[in-house]
Amino acid sequence: MKKFTCAQDIGPWREAVKEALDVKADKFAFTELGRNRTLLMIFFNSSLRTRLSTQKAAMNLGMNVMVLDVNQGAWKLETERGVVMDGDKAEHLLEAIPVMGSYCDIIGVRSFAGLKDKKEDYEERVIEQFIRYSGRPVFSMEAATRHPLQSFADLITIEEFKTKPRPKVVLTWAPHPRALPQAVPNSFCEWMNLTDYDFVITHPHGYELAPEFVGGAKVEYDQRKAFEGADFIYAKNWSAYADPNYGKVLSADMSWTVDADKMQLTDNAFFMHCLPVRRNMIVTDDVIESPRSIVIPEAANREISAQTVIKRMLEAL
Ligand code: CP
């Protein structure tokens, strides 16, 4: 595997999940694979889970790991060509990327959407430049429009917990005080649309996701109706995608918070969220603390999704 930025890069999803579960059953079976190999993790944005789980995954494979927080301790990077660099950005990404590539064997990049310019965000300019100029296999640790390591972990988790062959999985928008990217819901849709699950998306009017991510999923604007008979509730906030409101918060409607009353409408559904989560905005304390909440095993599977992806990249070096 030379790049991992979207669902298509993983190949047949059942094979990928099986490989991930094999990795999980024996995390240290491939410690020789990464010997004398180096992973460089580059963060343009903050992280708890991605940072720790990906580093642990690489260590399980015997790799050395370097972490660069671009906005803390590195030179500020210019990302656009043609800019007269007379401001506070001392280095251009086009020199920085090949230099970083010369120090490592595999690169992971986290670079969120700016939410100002839809075209710029949806062209994935930062990670695409790493793919083009680093000379190394590159994987996304959440880019502007997708978070594939999260969605792969979500799929692994659903496969582990499902009790019927074709579960009903509901992605629900929920309120949040700040404008968040569409990367997690986009990616979740992309991965759910690989499967034959009964996949439903629910959100207030104005929060429609990009059609290429919604695909053939059912969109239900009545959240309570969407929850009926669900086996998994996946909550997430996102900002508006559609013009002219791209990147804006249109609603803080607390009636969309996932609570115990709404969970009663489901078929005893499991509750999922990628974390970090704003309690009593996205989900009430009692739901996230309930025995049906699987947010912790979901986060733990981030190590497994990362290890499966890095293993495939090491095998292809
Ligand atoms: N879910 C997730 O990516 O968490 P972090 O932002 O903490 O890495």
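In the block above lies the structure referred to throughout.
Remember, it's a predicted structure, so these values are computed and weren't measured experimentally. (Residues numbered from 1 in each chain as written. Predicted model: local features only at pLDDT ≥ 70, side-chain atom pairs only at ≥ 80, totals over all residues. Heavy atoms only, no water.)

> Honestly, the environment of Ser 187 in this entry has me stumped. Any pointers?
Summarising the element assignment, Ser 187 is placed in helix 7 (residues 183-192). Each C-alpha atom of the pair Ser 187 and Gln 150 lies 8.2 Å from the other, and the pair is 37 residues apart in sequence. Separated by 3.2 Å, the side chain of Ser 187 and the backbone nitrogen of His 147 make a polar contact. (Helix = DSSP H or I, 4+ residues; strand = E, 2+ residues; numbered from the N terminus. Polar contact = N/O pair within 3.5 Å; in protein donor to acceptor, adjacent residues only side chain to side chain.)

> In this structure, what is going on with the site of the ligand? I would like to understand it.
The full set of residues close to the ligand is Ser 47, Leu 48, Arg 49, Thr 50, Arg 110, His 147, Gln 150, Cys 274, Leu 275 and Arg 302. Residue Leu 48 places a main-chain N or O atom 2.7 Å away from an oxygen atom belonging to the ligand. Cys 274 has a polar backbone atom sitting 3.0 Å from a nitrogen atom of the ligand. Alone, the ligand offers 250 Å² of accessible surface; in the complex the protein occludes 92% of this. Applying the majority rule of atoms within 2 Å of the grid points places the ligand in the largest pocket. Residues belonging to the shell around the ligand are distributed by class as follows: three nonpolar, four polar and three charged. Built from parts of two domains, the shell around the ligand gets at least three residues from each of domain 1 (3-146 + 302-316) and domain 2 (150-298). (Near = heavy atom within 4 Å. Areas by Shrake-Rupley, 256 points an atom, 1.4 Å probe, with all protein chains shown as cover. 1 Å grid on protein atoms, 1.4 Å probe; cavity = no way out; pocket = protein on both sides within 12 Å on 5 of 7 lines; lining within 4 Å. Sits in = over half its atoms within 2 Å of the grid points. Nonpolar A, V, L, I, M, F, W, Y, C, P; charged D, E, K, R; others polar. Domains from an automatic or database assignment.)

> Can you help me understand the side chain of Asp 154 in this one?
Within the secondary structure, Asp 154 is located in helix 6 (residues 148-161). With sequence-adjacent residues up to four places away left out, Asp 154 is seen in contact with Phe 188, Tyr 234, Met 272 and Glu 298. (Contact = heavy atoms within 4.5 Å.)

> Quick question: what am I supposed to make of helix 3 (residues 93-101) here?
Taken together, the buried positions of helix 3 are Leu 93, Ala 96, Ile 97, Met 100 and Gly 101. Each buried residue of helix 3 lies within a common arc of 130 degrees when the element is viewed along its axis, so the set occupies one face. Buried residues in helix 3 make contact with strand 2 (38-43), strand 3 (64-69), strand 4 (77-78), strand 5 (91-92), strand 6 (106-110) and helix 5 (125-133). (Buried < 20%, exposed > 50% of the residue type's maximum accessible area, 1.4 Å probe, protein only. Arc of directions from axis to C-beta.)

> Looking at this model, I keep getting lost on unusual backbone geometry. Mind explaining?
Keep in mind that most residues, glycine aside, have a negative phi and that most peptide bonds are trans. Here Asp 243 and Pro 244 are connected by a cis peptide whose omega angle stands at 5 degrees. With respect to the helices and strands, the residue Pro 244 is situated in the loop between strand 11 (232-236) and helix 10 (260-263). Cis geometry marks the peptide bond from Leu 275 to Pro 276; its omega dihedral reads 0 degrees. Here Glu 142, not a glycine, exhibits a phi torsion of approximately 110 degrees, which is positive. Looking at where Glu 142 falls in the secondary structure, it is placed in the loop between strand 7 (138-140) and helix 6. At Asn 280, a position not held by glycine, the phi torsion is positive, near 65 degrees. Counting through the fold element by element, Asn 280 comes out in the loop between strand 12 (270-272) and helix 11 (285-288).

> What is the right way to look at the pairing of strand 6 in this model?
Remark: a regular strand shows side chains that alternate across the two faces of the sheet. Summarising burial for strand 6: five of the five residues are buried, a large majority. Examined bridge by bridge, strand 6 and strand 7 share three bridges and lie parallel to one another. In the sheet register, Val 109 faces strand 7, and the bridge partner there is Ser 140. (Pairing = 2+ DSSP bridges.)

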